[in-house]
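Read off the chains here:
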Amino acid sequence: MKIAIVCYPTFGGSGVVATELGSALAKLNHEVHFITYKQPVRLDLLNPNLHFHEVHVPEYPLFHYQPYELALSSKLVDTIKKYEIDVLHVHYAIPHAYAGYMAKKMLEEEGIFVPMVTTLHGTDITLVGNHPFYKPAVTFSINNSDIVTSVSQSLKDDTLRLFDIKKEIKVVPNFIDVGHRKTSFTDCQRELMALPEERIITHISNFRPVKRITDIIDIFYNIQKKMPAKLLMVGEGPERKPAEEKCKELGIKEKVIFFGNSNEIDKILCFSDLFLLPSERESFGLAALEAMVNRVPVISSDAGGIPEVNQHGVSGYLSKVGDVKSMSENAIKILEDPSRLEMFKENAFKEAERFDVNEIVPKYIALYEGALAIS
Ligand code: GMT
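What you see is a predicted model, and the numbers here were worked out from it, not measured in a lab.

### Here we look at the side chain of Thr 202
Tracing the chain through its elements places Thr 202 in strand 8 (residues 199-204). You can call Thr 202 buried: its relative accessible area is 0%. For Thr 202, the contacting residues outside a window of four places in its chain are Leu 231, Leu 232, Ile 268, Leu 269, Ser 272, Leu 274, Phe 275 and Leu 276.

Here you go:
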């Protein structure tokens, strides 16, 4: 099949999932074309089945806002025609499903029908998309997609609750390449990060308010009072500065390392003992799954789809959003007992296996085939 994928190319779960999906499809000999404004951060173009087409938005002084959707839909029309694309898969409703729909309609004028699969990722539904400014366009784009998927049951429920949806939503969870983690050699170099007796606690995100970054600092503050520990903070975003300030105020600056964005997630997780994800909202929690596949137990909130990934008392623990006390106690409980920590590490990996790429990618392929059959 020839598949066009539209996604956000930056650090962030939806772009990562779209990139991993495209790469997995290319390995299965499908021809995959990424169409976005920058090469996706995790896209390795070494496979001849993978292609990237950049969307340029010419700067024009008359426009206060440059029209990205227009440029994207035109680029989609051109690419779909040029490469005879069979299926269009857009990740994140805003503005991708909207631009995809426009492209579809333009192509129909020329007698070309391309089915569009829309995958909902979370904030396109629970935060941005639900804003009255966007809601009619998001509702329309979802209802006019040929196939709609969501990355968790929780996100499906939220979408049906918040929007007037007439389309069936199929749940296709996010996934991870478990085999790659089993076989690839990683030199952890733990000693560069911490002393042997120190526990390493990690958080990875885009540091948006929804991630509750200050809760992470508070939880770590409680942990380091009980045992030697380091906190690794990976990512960039608006909450980074306030978090750095808070570490200074609490006198734990020396124990917290802010890395910024990184492409070395597996290496960082390889020497981590615990992952913190106290988010206020989280449709799935891909970062938690990435931790789990690297044998890192997860202390998280019970927001959104996280309970579908992190199993309470098995791969980690879940607490109510904002319950720093319970999250701290659970973290200490896992970290203070080496045999319990070992058990949670093994469990985390076993739970991650439920989301193996080989289980999930065939579900997308079946949906593409279904979409093609109705076209
Ligand atoms: O979490 C973010 O802020 C990034 C966001 C995105 O759009 O990339 O992540 C969303 O999609 C991910 C991939 O499906 C999910 O794992 C995240 O849980 C989801 N984030 C939220 O719902 C807040």
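Past the structure itself, the notes keep going.
### Some points on the site of the ligand
The ligand sits among 18 residues. The nearest are Ser 14, His 121, Arg 208, Lys 211 and Glu 282. Within the contact set of the ligand, an oxygen atom lies 2.6 Å away from a side-chain nitrogen or oxygen of His 121. Taking Arg 208, its side chain carries an N or O atom lying 2.2 Å from an oxygen atom of the ligand. In isolation the ligand has 490 Å² of accessible area, and contact with the protein removes 94% of it. Of the residues belonging to the shell around the ligand, the class tally is four nonpolar, ten polar and four charged.

### Comments concerning the domain arrangement of the protein
Along its sequence, the protein is carved into domain 1 (2-175 + 356-374) and domain 2 (179-355). The C-alpha centroid of domain 2 is placed 30 Å from the C-alpha centroid of domain 1. Contacts between domain 1 and domain 2 engage 23 residues on the former and 20 residues on the latter. Taken together, the two surfaces of domain 1 and domain 2 that pack against each other cover about 1500 Å², and 53% of this comes from carbon and sulfur. Area buried by domain 1 at its contact with domain 2 is led by Phe 11, Arg 42 and Asp 356, which between them contribute 32% of it.

### Some thoughts on the packing of aromatic side chains
Within the structure shown, the criterion is met by six aromatic pairs. Ring centres of Tyr 101 and Phe 140 lie 4.8 Å apart, and the angle between their planes is 90°; this geometry places the pair in the edge-to-face category. Of the two residues, Tyr 101 sits in helix 3 (residues 93-109) while Phe 140 sits in helix 5 (residues 135-143), which places them 39 residues apart along the sequence. With relative accessibility at 14%, the residue Tyr 101 sits in the buried group. The ring of Phe 349 carries the charged tip of Arg 295 above its face, separated from the ring centre by 4.1 Å.

### Focus on empty space enclosed by the protein
Inspection of the entire model under this criterion finds one cavity of 30 Å³ or more. What the largest cavity holds in volume is close to 60 Å³. Forming the boundary of the largest cavity are Val 16, Val 17, Glu 20, Arg 42, Phe 175, Ile 176, Asp 177, Arg 181, Leu 286 and Glu 290. Where the lining of the largest cavity is concerned, the elements lending two or more residues are helix 1 (13-27) and helix 11 (286-293). For the lining of the largest cavity, the per-class residue count stands at five nonpolar, no polar and five charged. Residue-level mapping places the lining of the largest cavity at the junction of two domains, with at least three residues from each of domain 1 (2-175 + 356-374) and domain 2 (179-355).

What counts as what
Residues numbered from 1 in each chain as written. Predicted model: local features only at pLDDT ≥ 70, side-chain atom pairs only at ≥ 80, totals over all residues. Heavy atoms only, no water. Helix = DSSP H or I, 4+ residues; strand = E, 2+ residues; numbered from the N terminus. Buried < 20%, exposed > 50% of the residue type's maximum accessible area, 1.4 Å probe, protein only. Contact = heavy atoms within 4.5 Å. Near = heavy atom within 4 Å. Polar contact = N/O pair within 3.5 Å; in protein donor to acceptor, adjacent residues only side chain to side chain. Areas by Shrake-Rupley, 256 points an atom, 1.4 Å probe, with all protein chains shown as cover. Nonpolar A, V, L, I, M, F, W, Y, C, P; charged D, E, K, R; others polar. Domains from an automatic or database assignment. Buried area = accessible area lost by both parts, 1.4 Å probe. Phe/Tyr/Trp six-rings, centres within 6.5 Å; stacked < 30°, edge-to-face > 60°. Lys NZ or Arg CZ within 6 Å of the ring centre and 35° of its normal. 1 Å grid on protein atoms, 1.4 Å probe; cavity = no way out; pocket = protein on both sides within 12 Å on 5 of 7 lines; lining within 4 Å. Points joined across faces, edges and corners; volume = space filled by probe spheres on them.

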